[in-house]
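Per-entry structural report
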Amino acid sequence: MSVLGISTWRCQEYAEYVGAQLHSLIFSWHLVVGCPSAGYKDGMSQRFPTPLFPPSSNHSPYPNQTQQSFFYLKLANHPGLTAMVLAHLRLLAHPFAIAGILVGVLASAAIYRAARGPLSHIPGPWYSRLTSLVLVYHWLRGERSAYVHRLHQKYGPVVRIAPDEADLTDLAAKHQIYTVKEVFLKSIFYSRIRDPRNENIFSTRSIPQHRQFRRLLSGPLSESSLKLVEPIVRSKVDLAMQRMNESMQTDGVMDVYKWALFMATDIIGELTFGESFRMLESGKINQYIVDLQSIAKIGGINTAFPGLIKFIRSKGIWTPIDVINQAATIIPRFTSYAVQSLERYQRLVKEDPDNVPQTLFTKVFKAKDDDTLDFNDIVGNARAYLVAGSDTTAHTLTYLIWAVCKHPEVRQRLVDELQKNLPAENDDITDHDLVSLPYLTSVIEEILRLYSAAPSGLPRVVPPEGAELGGYWFEPGTTVCMQAYSMHRDPAIFPNPNAFDPDRWSPSRVTKDMKDAFMPFGAGSRICIGLHLAQTELRLATALFFRTFPNATVSTREKMSDADMDPKIYFLLTPKGKRCLIEGY
Ligand code: HEM
């Protein structure tokens, strides 16, 4: 997607488009310079004795391709043309002439796109035929998902959201687009949110590269391997509980958003680099956390204005607009966090390979054969883990604690389940004990439904052979996406969709369509690689939080209100107030 929405048009369409613009330019010019009554083709014919048009041509302003080629060929070869252009240059320099040309060009471009855009047959608001500016506007305001959802409510399961992009909520289409067969590849959107110096598993659009990354990186994040690192996760969860307890004792209130973010950051830091960022220990917000908190919003700017940001970054320009400067520097800054930590770990592996702390990259570092990653690829992937593996889990946990505290009946049932079915001592609780708790599982699923951490459309490109999706034909190269935000709010699948109702996931009520529509971790070959880690963290932290604070409620101190928890969704979801104050034991 680009602002004008033409970047993904097929070459042929684009050539036609440029041809039409040239036509309209010359047409407008003739309107301005004085042969409007006969039309510019007639005017041309009168001025040039050699016929400019093939005998079969009609007087349509947009002749077909053969006629166009013929026309430009003749025009270019005609000896009188240069003289005529020079004669009119004086008039062209007039401001009215320039304005007339511009209006003519823009109007004809708009009409052409409206009539011929690759998705012009798809339902959607009229302006989405012409521009993606409205979509970009909602995106920059953190409201894209809600806006696209409103379009679905108005236009149905298939809706055009930009000239070359459609969003769908059709279940059959979900199985076509997000399959393990890798037919619909990730769109260029993903290239815009990575560091141009290295690729990573999240952003790569190359099938072989993605397969290699996935093969080398998925093992340590599998359910069975994660058991080995559970003590690390557990130690951070315990420390987070301790720090929240201290806040309660000293301030009478705790900011679970802050502690959840510190916890998830320390977990992914230690699992990736063998050493935690010690956020829980310090308790202070540093530059790294500031960057983490702003990367979702800043990422939106990177995708909306990719050329501008790339230019500013490459030239090292400092602008008066801070958010633009941040957009240009934030991703390289994350890369340097990863480089520093990985170089340290690489030194340890070289010095004493048998005595290094295990990380998600240890195997890759130690591998001796060709099928491994070079340092630059490890950096790219480590950076992807830092971003994808902290905000997401932290925000999910924050919304979970907030939503449960706002529903005392849910909190009570959860606390009862945790008290009755777990060992008396918190120290004896393992993730294995928690997996089988049905109400805890339902609460987590309901939060992932209503407050998915990545609820936006996951854009994919229609393959070269085109595709029939949701009853419509999609041209090759157009972008299609589905967003968890809408999939999880379809009233036909999730009755009363805006209600927080964990019981909807109970075995007697859950349906096949619910499971099919549920996509908080994406789906198909690009499904989240960290989903088991995220679920382990969520289970342990939720259980230990409500064992420690069984009567927790949402605080009203410091004017904390529901408005603080209004979701802002850029690509990832963030609570608007960037805080969630909870109190009570
Ligand atoms: C509740 C927490 C999480 C949620 C809701 C979540 C959500 C998602 C979603 C929706 C995708 C698919 C994106 C797409 O198709 O464009 C994804 C991919 C990914 N996630 Fe997560 N994620 C979470 C936690 C984590 C964690 C803890 C990690 C740490 C390793 C992680 C690493 C990744 C990576 C590397 C990918 C790219 C996978 C690929 O393309 O093969 N995520 N995640």
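Residues numbered from 1 in each chain as written. Predicted model: local features only at pLDDT ≥ 70, side-chain atom pairs only at ≥ 80, totals over all residues.

**A closer look at the overall build of the chain**
When you go through the chain residue by residue, the secondary structure sums to 24 helices and 12 strands. The buried share among the 585 residues of the chain stands at 42%. The long-range share in the chain, meaning contacts at least 24 apart out of those at least 6 apart in sequence, stands at 72%. (Helix = DSSP H or I, 4+ residues; strand = E, 2+ residues; numbered from the N terminus. Buried ≥ 20, exposed ≤ 12 C-beta atoms within 10 Å, placed from the backbone. Contact = placed C-beta atoms within 7 Å.)

**A closer look at the UniProt feature "binding site: heme" (unreviewed entry) in the chain**
Residues annotated in UniProt with the feature "binding site: heme" (unreviewed entry) correspond here to Cys528. Using a count of 20 C-beta atoms within 10 Å as the deciding quantity, one classes cysteine 528 as buried. Setting aside chain neighbours within four positions, we find cysteine 528 in contact with Phe521 and Gly522. (UniProt positions renumbered as here; feature names shortened; annotations may be inferred.)

**Considerations on the sheet that holds strand S3 (residues 185–186)**
For sheets, the rule is that strands pair by backbone hydrogen bonds, running either parallel or antiparallel. Sheet architecture is open: five strands sit in the order S1-S2-S8-S5-S3, paired in mixed fashion. Each edge of the sheet is formed by a strand with only one pairing partner; in this case those strands are strand S1 (158–162) and S3. Sheet topology places S3 next to strand S5 (residues 460–461); two bridges connect them, and they run antiparallel. Paired with leucine 185 across the two strands is valine 461, which belongs to S5. Contacting S1 and strand S2 (165–168), helix H7 (residues 144–155) runs over the sheet at an angle of about 135° to S1. (Pairing = 2+ DSSP bridges. Axes fitted to C-alpha atoms, helices over the stretch in contact; angles between N-to-C directions.)

**A few points about the site of the ligand**
With respect to spatial proximity, 23 residues lie near the ligand, and among them Gly389, Thr392, Gly522, Cys528 and Gly530 are the closest. Elements that contribute at least two residues to the shell around the ligand include exactly helix H17 (375–388), helix H18 (391–406) and helix H24 (531–548). Per-class residue counts for the shell around the ligand are 14 nonpolar, seven polar and two charged. (Near = placed C-beta within 6 Å. Nonpolar A, V, L, I, M, F, W, Y, C, P; charged D, E, K, R; others polar.)

**A closer look at unusual backbone geometry**
With a phi angle near 55°, arginine 278 is a residue other than glycine that sits in the positive phi range. Residue position: arginine 278 is located in the loop between helix H11 (256–273) and helix H12 (279–282). Residue asparagine 496 is not a glycine yet carries a positive backbone phi of 50°.

**Digging into the sheet that holds strand S9 (residues 553–554)**
With respect to topology, three strands assemble into an open sheet ordered S4-S12-S9, the strand pairing being antiparallel. Two strands in the sheet have a free side with no partner beyond their single neighbour: strand S4 (254–255) and S9.

**Quick look at the pairing of S1**
Counting buried positions over the five residues of S1 gives five, a clear majority of the element. With four bridges joining them, S1 and S2 adopt antiparallel strand pairing. Looking across to S2, one finds that alanine 162 is bridged to glutamate 165. Counting the residues in the hairpin turn of S1 and S2 gives two residues.

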